[in-house]
Amino acid sequence: MRRNTLTPARGRLSLAHPAQAVPEKRNVRSPSYQEQCITNVLSFLDEHNYENTSQKGVRSPTLKEFQNLFKFTISFFYKNWECKRFEDDAMQLIKQLKYPYINEINKSHLVTTSPHSWPVVLSFISWLIDMIRFVGVCEAEEDDVFVRCCFDGYLRFMEGIDNHFEDTLSEQFRKKHETKIREYESRMDRKKELENRLNEWEMKGENAALKRKIEELEDDKKSIMEGFKQLEMKKDKYCKMTQRYKEEIGELGSGMGALQDERNRLKENIGKQKINVDSYKEMNARKNELLKQLERIKPEKEKCFVMLSEKRRSWARLERRLRSTCTILDV
């Protein structure tokens, strides 16, 4: 019986998938490769009772069919995944899953199911299904180990043997993950070795040159900061000077405007006067004539000044005689 929901029957799978090797080169537009992906997807959908499973829905789905298929497969990792903008959220999810062929797919492939875009998306869905199956097998194996240890531990507990479950489970997981444990221990040893070498290096004082270099850089930093402060002060000073010059320029502009108005007024007054070019020529000729007459009477003017001077001297002598005569009469 088909299920009426897109949520799969099993719980959320773990994202702890194995480290990806260098991805193999494959042609997503190859018909044989596409048939392989379609078979893989259809098989998975049948296994999990996906509703409306059909060849057409996988070979050339509509955009809604593709989105439903994507949500169904991704729900094995993110059970309650919701999206606001499908292409943005789906692309972010693909990056989180560390899809090894991430360079092949982008948001433009997620907004259409055209023959150009669908092979790329189909390849991703097939890869995602392979990951779901792989993680499911790993979890099933771990579940089987846990159940066996529980059953065996219970029997031993009934026989009076304590801690058998914990010891057995620890041993089983140690055997299963022995390689990773050795790798972890090797890395811890390497870390300890590097820490010891670092301590020895610091104790020998080999980092003194670096400390001096750091001090020099700190001094340079202080000098640069002081220079920066001085530049800021100069900047403020020049800004104030610029503002003052702007104000003076504004005042000069106002004065020039007033002078221009006065010039226009004088020009207008001159234009209203009844003096033309002929009048100017006549006045200039009259001026020249008067200057000539002034030159002609200049000798007579000088004679008059001489006569006036003699008259003044005669008048002075006469005044002296009169004063002398008046003095004698008084006596």
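A short tour of the structure in this document, coming up.

About the thresholds
- Residues numbered from 1 in each chain as written.
- Predicted model: local features only at pLDDT ≥ 70, side-chain atom pairs only at ≥ 80, totals over all residues.
- Heavy atoms only, no water.
- Helix = DSSP H or I, 4+ residues; strand = E, 2+ residues; numbered from the N terminus.
- Buried < 20%, exposed > 50% of the residue type's maximum accessible area, 1.4 Å probe, protein only.
- Contact = heavy atoms within 4.5 Å.
- Salt bridge = Lys/Arg side-chain N within 4 Å of Asp/Glu carboxyl O.
- Patch = residues over 30% accessible without salt bridge, like charges linked within 9 Å, V, L, I, M, F, W, Y side chains within 5 Å.
- Areas by Shrake-Rupley, 256 points an atom, 1.4 Å probe, with all protein chains shown as cover.
- Lys, Arg positive; Asp, Glu negative; His and termini not counted.
- Charge placed at Lys NZ, Arg CZ, Asp CG, Glu CD.
- Core = buried A, V, L, I, M, F, W, Y, C linked by side-chain atoms within 4.5 Å.
- Phe/Tyr/Trp six-rings, centres within 6.5 Å; stacked < 30°, edge-to-face > 60°.
- Lys NZ or Arg CZ within 6 Å of the ring centre and 35° of its normal.

### Describing the overall build of the protein chain
Part 1 of the reasoning: A tally of helices and strands in the protein chain yields ten helices and zero strands.
Part 2 of the reasoning: The N-to-C order of helical and strand elements in the protein chain reads α-α-α-α-α-α-α-α-α-α.
Part 3 of the reasoning: Looking at the protein chain as a whole, 20% of its 331 residues qualify as buried.
Part 4 of the reasoning: Residue pairs at least 24 apart in sequence account for 64% of intrachain contacts in the protein chain once pairs closer than 6 positions are excluded.

### Comments concerning unusual backbone geometry
Part 1 of the reasoning: For asparagine 49, which is not a glycine, the phi torsion comes out positive at approximately 55°.
Part 2 of the reasoning: When you line up the elements, asparagine 49 lands in the loop between α1 (31-47) and α2 (55-59).
Part 3 of the reasoning: With phi around 60°, lysine 98 is a residue other than glycine that occupies positive phi space.
Part 4 of the reasoning: Within the secondary structure layout, lysine 98 lies in the loop between α4 (86-96) and α5 (118-158).
Part 5 of the reasoning: On the basis of relative accessible area, lysine 98 is assigned to the exposed category, the value being 58%.

### Regarding the pattern of salt bridges
As a working rule, side chains carrying opposite charge can pair if their charged atoms are close by.
Part 1 of the reasoning: Scanning all chains against the criterion turns up seven salt bridges.
Part 2 of the reasoning: With a shortest N-O distance of 3.0 Å, aspartate 88 and arginine 85 are connected by a salt bridge.
Part 3 of the reasoning: Here aspartate 88 falls in the partly exposed class, since its relative accessible area comes to 28%.
Part 4 of the reasoning: The shortest N-O distance in the salt bridge between arginine 190 and glutamate 193 comes to 3.6 Å. Of the two residues, arginine 190 and glutamate 193 both sit in helix α7 (residues 178-203), three residues apart, roughly one turn of that helix.
Part 5 of the reasoning: Residue glutamate 193 is classed as partly exposed on the basis of its relative accessible area of 39%.
Part 6 of the reasoning: Members of the salt-bridge network, linked through shared partners, are Arg85, Glu87, Asp88 and Lys107.

### Observations regarding a positive patch on the surface
Part 1 of the reasoning: Together, Arg313, Arg317, Arg320, Arg321 and Arg323 line one region of the surface with positive charge.
Part 2 of the reasoning: Within the fold, arginine 323 resides in helix α10 (residues 298-330).

### A word on a nonpolar patch on the surface
Part 1 of the reasoning: On the surface, Leu198, Trp201 and Leu210 cluster together to form a nonpolar patch covering roughly 270 Å² of accessible area.
Part 2 of the reasoning: As for its placement among the helices and strands, leucine 210 is situated in helix α8 (residues 208-272).

### Points about the nonpolar core
Part 1 of the reasoning: Counting residues in hydrophobic clusters, the biggest one holds 41 residues, and the most contacted among them are Phe70, Leu110, Phe124 and Ile125.
Part 2 of the reasoning: When contributions to this core are tallied by element, the ones reaching two or more residues are α1, α3 (63-74), α4 and α5.
Part 3 of the reasoning: At twelve residues, the largest contribution of residues to this core is made by α5.
Part 4 of the reasoning: Apart from residues no more than four positions distant in its own chain, phenylalanine 70 is found in contact with Trp81, Phe86, Ala90, Leu93, Ile94 and Phe124.

### Re the environment of serine 30
Part 1 of the reasoning: Counting through the fold element by element, serine 30 comes out in the segment before α1.
Part 2 of the reasoning: Classification of serine 30 as buried rests on a relative accessible area of 18%.
Part 3 of the reasoning: Each C-alpha atom, one on serine 30 and one on proline 119, is 8.9 Å from the other, the two residues being 89 residues apart in sequence.

### What about a negative patch on the surface?
Part 1 of the reasoning: A cluster of like negative charges, contributed by Glu215, Glu216, Glu218, Asp219 and Asp220, occupies part of the molecular surface.
Part 2 of the reasoning: On the basis of relative accessible area, aspartate 220 is assigned to the partly exposed category, the value being 43%.

### Description of the packing of aromatic side chains
Part 1 of the reasoning: Per the stated rule, a full pass over the model turns up 13 aromatic pairs.
Part 2 of the reasoning: Taking the centre distance of 5.8 Å and the plane angle of 80° together, the rings of phenylalanine 66 and tryptophan 118 count as edge-to-face. Of this pair, phenylalanine 66 sits in helix α3 while tryptophan 118 sits in helix α5, placing them 52 residues apart in sequence. For the pair formed by phenylalanine 66 and tryptophan 118, the shared burial category is buried.
Part 3 of the reasoning: Each ring, one from phenylalanine 72 and one from phenylalanine 76, has its centre 5.6 Å from the other, and the planes form 85°; the classification is edge-to-face. As far as burial versus exposure is concerned, phenylalanine 72 and phenylalanine 76 are alike and both buried.
Part 4 of the reasoning: Among the aromatic side chains, those forming a connected cluster through ring pairs are Phe66, Phe70, Phe86, Tyr99, Tyr101, Trp118, Phe124 and Trp127.
Part 5 of the reasoning: Stacked on the ring of tyrosine 245, the Lys or Arg arginine 244 has its end atom at 5.5 Å from the ring centre.

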